[in-house]
Amino acid sequence: MIRHIVLFTAKDKCDIDKMIDGLSLLMAIPHARRLEVTRNRKTDQLGNDIDVVVYGEFDSEAELAAYKAHDLYHESTKRVRPLRDLRFAADYDVKSE
């Protein structure tokens, strides 16, 4: 399984809800085992710069690639890119137990 985590900061904090709305399109893409789009709680004692988190779980590299190739992924990107400042992404493998 692959975990896919993307962290966003907003250019303008007033646009965080718009970012979440745009990113929520991703939840209709069928290739993820699990997908969450949420506002960061900002409770860390050292850093709270991240505004929005996308968390996904995918069964394979092929499923992750299909997710990224989906039309809704591209529509989400089109809506969110103008609103975001920074975007950080990480993918890592999880060994099955």
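Before any of the text, the structure's been laid out above.
Residue numbering note: each chain is counted from 1, following its sequence as written. Note on the predicted model: pLDDT of at least 70 is required for a residue's local features to be given, and 80 or more for side-chain atom pairs to be given and counted; whole-chain, interface and lining totals, by contrast, use all residues. Note: side-chain values were computed over all heavy atoms of the structure, leaving out hydrogens and water.

Chemist: So what's going on with unusual backbone geometry? Residues and values would help.
Modeler: Phi at Lys42 is positive, roughly 55°, even though this residue is not glycine. Numbering of helices and strands runs from the N terminus, with a helix taken as a DSSP run of H or I at least four residues long and a strand as a DSSP run of E at least two residues long. Within the secondary structure, Lys42 is located in the loop between strand S2 (34–39) and strand S3 (52–58).

Chemist: Please provide a residue-by-residue account of helix H3 (residues 71–80), values included.
Modeler: For an α-helix, the turn length of 3.6 residues means that residues three or four places apart are oriented alike. Relative accessible area decides the class of each residue, using a 1.4 Å probe on protein chains only: under 20% of the type maximum gives buried, over 50% gives exposed, and in between gives partly exposed. Where H3 is concerned, the buried positions are Tyr73, Ser76 and Val80. Buried residues of H3, viewed axially, fall in a sector of 60°; they line one side. Exposed and facing more than 90 degrees away from the buried side of H3 are Asp71 and Lys78. Buried positions along H3 lie against strand S1 (2–10), helix H1 (16–23), helix H2 (61–69) and strand S4 (84–93). By construction, the arc corresponds to the directions joining the helix axis to the C-beta atoms. Residue contacts follow a heavy-atom distance rule, with two residues in contact if any of their heavy atoms lie within 4.5 Å.

Chemist: Please provide a residue-by-residue account of the packing of aromatic side chains, values included.
Modeler: The description of two aromatic rings rests on the distance between their centres and on the angle between their planes. Only Phe, Tyr and Trp rings take part, Trp by its six-membered ring, and two of them pair if their centres are within 6.5 Å. Stacked means planes under 30 degrees apart, edge-to-face means over 60, and tilted covers everything else. One pass over the structure, following the stated rule, counts 2 aromatic pairs. Plain terms: the ring middles of Phe58 and Tyr67 are 4.8 Å apart, the flat faces sit at 55° to each other, and that makes the pair tilted. A residue is classified by how much of its surface remains accessible, and Phe58, at 0% relative accessible area, is buried. Using a relative accessible area of 1% as the deciding quantity, one classes Tyr67 as buried.

Chemist: Please provide a residue-by-residue account of H1, values included.
Modeler: By the burial criterion, the buried members of H1 are Ile16, Met19, Ile20, Gly22 and Leu23. Axial view of H1: buried residues confined to an arc of 165°, hence all on one face. Within H1, the exposed residues directed more than 90 degrees away from the buried face are Lys18 and Asp21. Contacts from the buried residues of H1 go to S1, S2, S3, H3 and S4.

Chemist: Can you explain the nonpolar core? Please cite residues and give values.
Modeler: Residues Phe8, Met19, Leu23, Leu26, Val52, Val54 and Tyr67 are the most contacted members of the largest nonpolar core, which totals 20 residues. Looking at this core, the elements with two or more residues in it are S1, H1, S2, S3, H2 and H3. Non-local contacts of Phe8, meaning those with residues more than four positions away in its chain, are made with Met19, Leu23, Ile50, Asp51, Val52, Val54, Val80, Arg84, Leu86 and Arg87. As used here, the term nonpolar core means buried Ala, Val, Leu, Ile, Met, Phe, Trp, Tyr and Cys residues forming a set that is joined through side-chain atoms within 4.5 Å.

Chemist: Help me get a handle on the layout of surface pockets, residues and values and all.
Modeler: Here a cavity denotes grid points, spaced 1 Å and computed from the protein atoms alone, that fit a 1.4 Å probe unable to get out, and a pocket denotes an open set having protein on both sides within 12 Å along at least 5 of 7 lines; residues with an atom within 4 Å of a point are the lining. Grid points are joined across faces, edges and corners, and a volume is the space filled by probe spheres set on the points. Roughly 180 Å³ of internal volume is contained in the largest pocket. Taken together, 14 residues make up the lining of the largest pocket; nearest its centre are Phe8, Leu23, Tyr73, Thr77 and Arg87. Only S1, H3 and S4 provide two or more residues apiece to the lining of the largest pocket. Among the elements that take part in the lining of the largest pocket, H3 stands out by supplying 4 residues, more than any other. Only Asp, Glu, Lys and Arg are considered charged, only Ala, Val, Leu, Ile, Met, Phe, Trp, Tyr, Cys and Pro nonpolar, and every remaining residue, Gly among them, polar. Considering only residue class, the lining of the largest pocket consists of 8 nonpolar, 3 polar and 3 charged.

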